[in-house]
Amino acid sequence: MTLEQLCNKIDLKKMSQFTDKEINGVFVSDMISDVMAGAKSGNLWLTVQTHKSIVPAANLVDVSAVIITSGKQVPPETIELASKHDIAILSTDLPTFEIVGKLYAIGIQDS
Amino acid sequence: MVESTNLEQIKIGKLRLIMLMKNIKQALEASVIAGEEILDTSFEHVYASDLMSDVLAFGKPNSILLTGLATQQAVISAHMAEFKGVVFVRGKLPKDGSRNFAINHQLVLLSSSMDMYDACIKIDSALHKRTKIKTTGSKESRNEEMVLCQEFEILGDDFTSAGVVSTEIKSILKKIGFDPKLIRRVAISTYEAELNVVMHANRAKVILSVTPYCIEVIVDDAGKGIPDIDLALQAGYTTATDEMRAMGFGSGMGLPNIKKNTDQLQIQSEVGKGTRLECKFFI
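Residues numbered from 1 in each chain as written. Chains lettered and ligands numbered in written order. Predicted model: local features only at pLDDT ≥ 70, side-chain atom pairs only at ≥ 80, totals over all residues.

Visitor: How would you summarise the confidence of the model for chain B if you had to cite specific residues and measurements?
Guide: Close inspection of predicted coordinates is inappropriate for parts of the model with low pLDDT. All names here are of chain B. Per-residue confidence for chain B averages 83 on the pLDDT scale, and 86% of its residues sit at or above 70. Below a pLDDT of 50 lies the segment residues 1-16, which in the model reaches 32 contacts outside its immediate sequence neighbourhood of four places, other chains included. Below a pLDDT of 50 lies the segment residues 130-144, which in the model reaches 16 contacts outside its immediate sequence neighbourhood of four places, other chains included. Across the interface, the model reports ipTM at 0.75; the global pTM reads 0.61. (pLDDT = per-residue confidence, 0-100. Contact = placed C-beta atoms within 7 Å.)

Next comes the structure, spelled out in structure tokens:
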């Protein structure tokens, strides 16, 4: 499934500018250290962290998108940096648990 | 007139040397006519000719043009052939419209008093020198096979801008065309090292070098040093502050993750002086 297809199935707000990418599984963590160590290439990364350091982390681990959950406000500098590096930032008002349920229901599973 | 000097000779396999406009400016003692702010642009080939029909027929994208033809046609031809810049040799200065055209189309224009022959030789020797510089002081002699060597600096106090150097290194390796999985390992290791520098050191020098067999990233910091390296390599051991942890860093996974992602890791550290990390990734 690609990010565009995902956004058509689940109500996610596109925060940054990005090119469409293939999704490969999900990684949930608010510890960036864990993301660096455990996330796989192509994962959707779900977090409530919004500071701009999430962008280099997402870029270097090659996640397909960062989904900011629980309706957290994303600072403009994070969005700007993400757009510059073609990193997809999506946001939802749902808490992490509920969005994970929805992702699972539409068939996104860890590879 | 000198025939084309192509830098393809330095290609080894898929590796390619990346040279920057500012290196050319320096090598040719050239003045900048346009594009002062984009001198960090890289290029891949050099094409030397005064015949614009040849430039259009044989020039490769991402080249720079060395020419004695100081007309706007030279600049337009370079743009059409997707070149990155033009060097006017023999001290020629292009006609008025050229500068505006270059600015509008993101081309660098340089002017050098050297003739075409000398300019070609200077670029060639700058290339070879560049593959050798910055390796002095290192224990191993690895000059001959060096394809790329670039130095970066990390400033230790700026926590929020951590990732700039690793992102840059990632894009350099991507441009060269390495396997994405290998690039990912280098990128993750470099980012972890960069985070360690911003958390624990004042500043660090990062040296990226690429040979046909190996990518090496050296991170040499002037920080407080690691008293017990074995302990620091244990997953979960951390000396991070609460602020760092609130941002999701500092869970004691940095060095272990670097170890996991590198093929060979050497750590030298002296308390009060600094830490030097040598990460090797075999191609």
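After presenting the structure, the write-up continues.
Visitor: So what about the interface of chain B and chain A? Which residues, and what values?
Guide: Taken residue by residue, the interface counts 19 residues in chain B and 18 residues in chain A. Among the elements of the structure, helix H6 (164-176), helix H7 (180-200) and helix H10 (254-261) of chain B are those that each provide at least two residues to the side of chain B that touches chain A. Of the residues forming the side of chain B that touches chain A, the biggest block, five residues, is contributed by H7(B). Residue classes in the side of chain B that touches chain A are distributed as seven nonpolar, nine polar and three charged. (Helix = DSSP H or I, 4+ residues; strand = E, 2+ residues; numbered from the N terminus. Nonpolar A, V, L, I, M, F, W, Y, C, P; charged D, E, K, R; others polar.)

Visitor: So, the pairing of strand S10 (residues 214-221) of chain B: which residues are in play, and what are the values?
Guide: In regular strands, side chains alternate between the two faces of the sheet. All names here are of chain B. Across seven bridges, strand S9 (residues 203-210) lies against S10 in antiparallel orientation. Bridge pairing in S10 places Lys205 opposite Asp220. A loop of three residues connects S9 with S10, the two strands running antiparallel in sequence. The sheet contact formed by S10 and strand S12 (residues 274-282) spans seven bridges and is antiparallel. By the bridge assignment, Asp220 is partnered in S12 with Arg276. (Pairing = 2+ DSSP bridges.)

Visitor: Got a sec to walk through the environment of B:Thr71? Specific residues and values, please.
Guide: Residues and elements named next belong to chain B. Take Thr71: it is sitting in the loop between strand S5 (63-67) and helix H3 (72-80). Between the alpha carbons of Thr71 and Asp96 there is a distance of 8.9 Å; along the sequence they are 25 residues apart. Residues contacting Thr71, with those up to four places away along its chain left out, are Pro94 and Lys95.

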